[in-house]
There are 2 protein chains.
Amino acid sequence: MNLYSGKMNKLVEELSSLPGIGSKSAGRLADYLIRQPSQRVKALCDSILDARENVHFCRICYTLTDSDICPICSNESRDRSTIMVVEDTRDLAAYEKTGKYNGVYHVLQGAISPMMGVGPADIRLKELMTRLQSDDIKEVIIATNSSLEGETTAMYISKLIKPTGIKVTRIASGVPVGGDLENIDEITLLRALEGRISL
Amino acid sequence: MNLYSGKMNKLVEELSSLPGIGSKSAGRLADYLIRQPSQRVKALCDSILDARENVHFCRICYTLTDSDICPICSNESRDRSTIMVVEDTRDLAAYEKTGKYNGVYHVLQGAISPMMGVGPADIRLKELMTRLQSDDIKEVIIATNSSLEGETTAMYISKLIKPTGIKVTRIASGVPVGGDLENIDEITLLRALEGRISL
């Protein structure tokens, strides 16, 4: 339906095909964009195209970067004997924001999901195993999501690594800090109980 | 903080400056965009730039269009004696979607809001009054939002138009279709009571 004009319609359609943006948000965004200074809109588009053309995977950890090796992998002060395994670059970013993790990462670029047809060969697992062979790794911390796919992936990886003798750990699952017990689901409560630590 | 690489960081920053997009959605969008085929990303950017350069206000009703006069104003079969006054093009689109309104529109491009420093001179009110003088208008339907700003604008416009003798109406305010009375706020319930119609 031609609710807007031709070019507005086209823009709204393009925007609403993006993930998490429905037709209403797309309308609001389109409206916003055409009211911005030309220069600002051009900067946004340049930034999109530039990232699309020049961002690729780090040759070591497979996070997204525009250099051959990402800033974390090329940072001499990071502890290369500890690898945190995450599903994607956004999870890496979440842990980097804490500022307290000094090891390196391995970004799987996905999680094993039989439902979605994603098997172990579809994520960067072979690359992780290769890293474990060549480097002097002391610990692999599995920080995949606490979802069905994340847990499946964690189990799979730990079984794969155990024979190598390298220490494998999993980040704790439990009540989030500041969380009210009464608002937490039962599975999380049971996890928190199982994972209790002595004080 | 350099959570992503330079170009990813820049893209996430650009995206999170858009309305309704926080840093997390921006991260997800950036991640999505750099995985799309080059051609698709280019089409999105072309569409943004094209709309930004070529979409402007309709010379008659001030909706957004890429022609001099919008498809609705130039449509001979629309009833030009009835003007629906809306705040923006998205509101026009919402009424067009019903497919039942055959009159024309006037898009104010805003609403009077003393709080935000938007006065009657900042919206397309003068242009509406000019239209009322020159055309053979029978009715003006005020369809501004049911917010404080929308109501203020509706009152202001109706006072302005009344002396001209043209019929001024306001769209009904009440319980939305499918709405459960128990979930509706009190002001709406009172409005629905005040606006009751005989059966």
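These remarks concern the structure in this document.

Of the residues lining the interface, 54 residues belong to chain A; the matching set on chain B comes to 54 residues. Interface of chain A and chain B: buried area, both sides summed, is about 5,000 Å²; carbon and sulfur atoms make up 65% of it. Remark: the boundary between chain A and chain B carries 6 salt bridges. For the pair chain A and chain B, the number of links is 14 residue pairs in polar contact (both at pLDDT 80 or more). The set of elements that each furnish at least two residues to the side of chain A that touches chain B consists of α1 (6-16), α2 (23-35), α3 (38-54), β2 (64-65) and α4 (89-98) of chain A. No other element matches the 15 residues that α3 of chain A contributes to the side of chain A that touches chain B. For the side of chain A that touches chain B, the per-class residue count stands at 27 nonpolar, 12 polar and 15 charged.

Turning next to the pattern of salt bridges. Working definition: two side chains of opposite charge can pair if their charged atoms are close together. By the definition in use, this model includes 22 salt bridges over all chains. Residues Glu-14 of chain B and Arg-40 of chain A are paired through a salt bridge, measuring 3.7 Å at the closest nitrogen-oxygen approach. Taken together, the positions of Glu-14 of chain B in helix α1 (residues 6-16) and Arg-40 of chain A in helix α3 put the pair across two chains. On the basis of relative accessibility, which here comes to 14%, the residue Glu-14 of chain B falls in the buried class. Where salt bridges share partners, they join Asp-31 and Arg-35 of chain A together with Asp-88 and Arg-90 of chain B into one cluster.

This next bit is on the sheet that holds strand β5 (residues 139-142) of chain A. Residue and element names in this part refer to chain A. Overall, parallel pairing links the 4 strands, which are arranged β4-β3-β5-β6 in an open sheet. Pairing within the sheet leaves two strands with one partner each, and these edge strands are β4 (103-107) and β6 (167-170). Direction aside, neighbouring strands of the sheet carry axes that sit 25° apart on average. Where strand β3 (residues 79-86) lies against β4, 5 bridges are found, and the strand directions are parallel. Residue pairing in the sheet places Val-85 in a bridge with His-106 of β4. This element, α4, spans β3 and β4 of the sheet and lies at about 160° to β4. Most of the contacts of helix α5 (residues 125-134) go to β4, to which it runs at about 145°, and overall it touches β3, β4 and β5.

Once that is clear, we can look at the packing of α1 of chain A against helix α3 (residues 38-54) of chain B. Relative orientation and spacing of two packed helices are given, respectively, by the angle between their axes and the distance between those axes. Contact geometry of α1 of chain A with α3 of chain B gives a least axis separation of 9 Å together with a crossing angle of 145°. Judged by the sense of rotation from one axis to the other, the crossing of α1 of chain A with α3 of chain B is left-handed. Each of Lys-7, Lys-10, Leu-11, Glu-14 and Leu-15 of chain A in α1 of chain A lies in contact with α3 of chain B, whose residues at this interface are Arg-40, Ala-43, Leu-44, Ser-47, Ile-48, Asp-50, Ala-51 and Asn-54 of chain B. Residues that form the contact of α1 of chain A with α3 of chain B fall into these classes: 6 nonpolar, 2 polar and 5 charged.

Here we come to the sheet that holds strand β6 (residues 167-170) of chain B. Residue and element names in this part refer to chain B. Strand order in the open sheet formed by 4 strands is β4-β3-β5-β6, with parallel pairing between adjacent strands. Of all strands in the sheet, those bounded by a partner on one side alone are β4 (103-107) and β6. Taking each pair of neighbouring strands and ignoring which way they run, the sheet shows an average axis angle of 25°. Bridging between strand β3 (residues 79-86) and strand β5 (residues 139-142) involves 4 bridges; their strand directions are parallel. Looking at β5, one finds that Met-84 is bridged to Ile-141. On top of the sheet, helix α4 (residues 89-98) reaches β3 and β4; it is set at about 160° to β4, its chief contact. The strands touched by helix α5 (residues 125-134) within the sheet are β3, β4 and β5, with β4 carrying the most contacts at an inclination of about 150°.

As a further point, take unusual backbone geometry. In this structure, Tyr-62 of chain A takes a positive phi of about 65° despite not being glycine. By the element assignment, Tyr-62 of chain A lies in the loop between β1 (56-57) and β2. On the basis of relative accessible area, Tyr-62 of chain A is assigned to the buried category, the value being 16%. Backbone geometry places Gln-109 of chain B, a non-glycine residue, at a positive phi of 60°. Within the secondary structure, Gln-109 of chain B sits in the loop between β4 and α5. A relative accessible area of 15% places Gln-109 of chain B in the buried class.

Let's shift gears to empty space enclosed by the protein. Following the criterion strictly, the structure yields 1 cavity of 30 Å³ or more and no others. The space that makes up the largest cavity amounts to roughly 100 Å³. As for the largest cavity, its lining consists of 13 residues, of which Leu-15, Leu-18 and Ile-48 of chain A together with Leu-15 and Leu-18 of chain B are closest to the centre.

Note that Glu-76 of chain B resides in the loop between β2 (64-65) and β3. For Glu-76 of chain B, a relative accessible area of 68% translates into the label exposed.

Parameters and conventions
- Residues numbered from 1 in each chain as written.
- Chains lettered and ligands numbered in written order.
- Predicted model: local features only at pLDDT ≥ 70, side-chain atom pairs only at ≥ 80, totals over all residues.
- Heavy atoms only, no water.
- Contact = heavy atoms within 4.5 Å.
- Buried area = accessible area lost by both parts, 1.4 Å probe.
- Salt bridge = Lys/Arg side-chain N within 4 Å of Asp/Glu carboxyl O.
- Polar contact = N/O pair within 3.5 Å; in protein donor to acceptor, adjacent residues only side chain to side chain.
- Helix = DSSP H or I, 4+ residues; strand = E, 2+ residues; numbered from the N terminus.
- Nonpolar A, V, L, I, M, F, W, Y, C, P; charged D, E, K, R; others polar.
- Buried < 20%, exposed > 50% of the residue type's maximum accessible area, 1.4 Å probe, protein only.
- Pairing = 2+ DSSP bridges.
- Axes fitted to C-alpha atoms, helices over the stretch in contact; angles between N-to-C directions.
- Left-handed = near helix turned anticlockwise from the far one by under 90°.
- 1 Å grid on protein atoms, 1.4 Å probe; cavity = no way out; pocket = protein on both sides within 12 Å on 5 of 7 lines; lining within 4 Å.
- Points joined across faces, edges and corners; volume = space filled by probe spheres on them.

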